[in-house]
Amino acid sequence: MKQVGARLLCWMNVGVCCLFLLGCGTDSTGPERFVLSGQVLHNGQPVPAGQVILMPDTAKGNQGPGAVGTIENGRWHTDPNKGPVSGPHIAMLNGYASTEATVPGGDPPMLFTEFKTEVDVTADASDVDFDVNVKGK
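Residues numbered from 1 in each chain as written. Predicted model: local features only at pLDDT ≥ 70, side-chain atom pairs only at ≥ 80, totals over all residues. Heavy atoms only, no water.

Caption draft 1: Spatial organisation of the nonpolar core. Counting residues in hydrophobic clusters, the biggest one holds 18 residues, and the most contacted among them are V40, V52, L54, W76, L93 and F130. Looking at this core, the elements with two or more residues in it are β3 (49-56), β4 (67-72), β6 (87-96), β7 (110-121) and β8 (130-132). It is β7 that provides the largest number of residues to this core, a total of four residues. Once residues lying within four places of it in the same chain are set aside, the contact partners of F130 are Q39, V40, L41, V52, W76, A91, L93, T117 and V119. (Core = buried A, V, L, I, M, F, W, Y, C linked by side-chain atoms within 4.5 Å. Buried < 20%, exposed > 50% of the residue type's maximum accessible area, 1.4 Å probe, protein only. Helix = DSSP H or I, 4+ residues; strand = E, 2+ residues; numbered from the N terminus. Contact = heavy atoms within 4.5 Å.)

Right, dumping it as structure tokens:
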């Protein structure tokens, strides 16, 4: 039961972030956005699937649209024109053990949920790697 609640909470967080990002178009008059990519490891092994959610760190004075990156085969990337703005961000990662659900209609098995770390987005830092060293949830 605890695992179902954690998954529901995880998907609700992803849903809220996606709704937030829907309002973020590719208007060229908006803030400059950057494409980021990199490697995602969990305890030294490539993460098969997941998401990287980047939220501007308002506590450090950053504001603007957030971004969501997709993890595939140990690599992640943001979409062009929908990447993060410059400045400090909080990165929240969710990792899955595979791309396939263990039961029909279910979610893939989780490696970790809501792993948070800080990222400073700059014009010259397009490669951002994550090494998540936690036990599975």
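After that view, the rundown keeps rolling.
Caption draft 2: Up close: the pairing of β4. Only one face of β4 is buried, namely the one carrying A67, G69 and I71, since none of V68, T70 and E72 on the opposite face is buried. Direction of pairing for β3 relative to β4: antiparallel, over a ladder of six bridges. Looking at the pairing, G50 lines up with I71 of β4. Alignment of β4 against strand β5 (residues 75-78), held across four bridges, turns out to be antiparallel. Within the sheet, the bridge partner assigned to E72 lies in β5 and is R75. Here β4 folds back onto β5 in antiparallel fashion, the turn holding two residues, of which N73 has a positive phi close to 50 degrees. (Pairing = 2+ DSSP bridges.)

Caption draft 3: Spatial organisation of the side chain of H42. For H42, the position within the fold is in strand β1 (residues 37-42). We classify H42 as buried; its relative accessible area is 11%. Aside from chain neighbours lying at most four places away, what touches H42 is V47, L111, F112, V132 and V134.

Caption draft 4: Representation of the pattern of salt bridges in the model. Tallied over the full model, the rule gives one salt bridge. The partner of E118 in a salt bridge is K60, with the nearest N and O atoms 2.9 Å apart. Here E118 is found in strand β7, whereas its partner K60 is found in the loop between β3 and β4, with 58 residues between them in sequence. With relative accessibility at 53%, the residue E118 sits in the exposed group. By relative accessible area, K60 is classed as partly exposed at 48%. (Salt bridge = Lys/Arg side-chain N within 4 Å of Asp/Glu carboxyl O.)

Caption draft 5: Examining the packing of aromatic side chains more closely. One pass over the full model with this rule turns up one aromatic pair. Ring geometry for W76 versus F130: centroids 5.6 Å apart, planes at 55 degrees, classification tilted. Highlighted residues: W76 in strand β5 and F130 in strand β8, separated in sequence by 54 residues. Look at F130 and you get buried, because its relative accessible area is 6%. (Phe/Tyr/Trp six-rings, centres within 6.5 Å; stacked < 30°, edge-to-face > 60°.)

So yeah, pure geometry; function would need other evidence.
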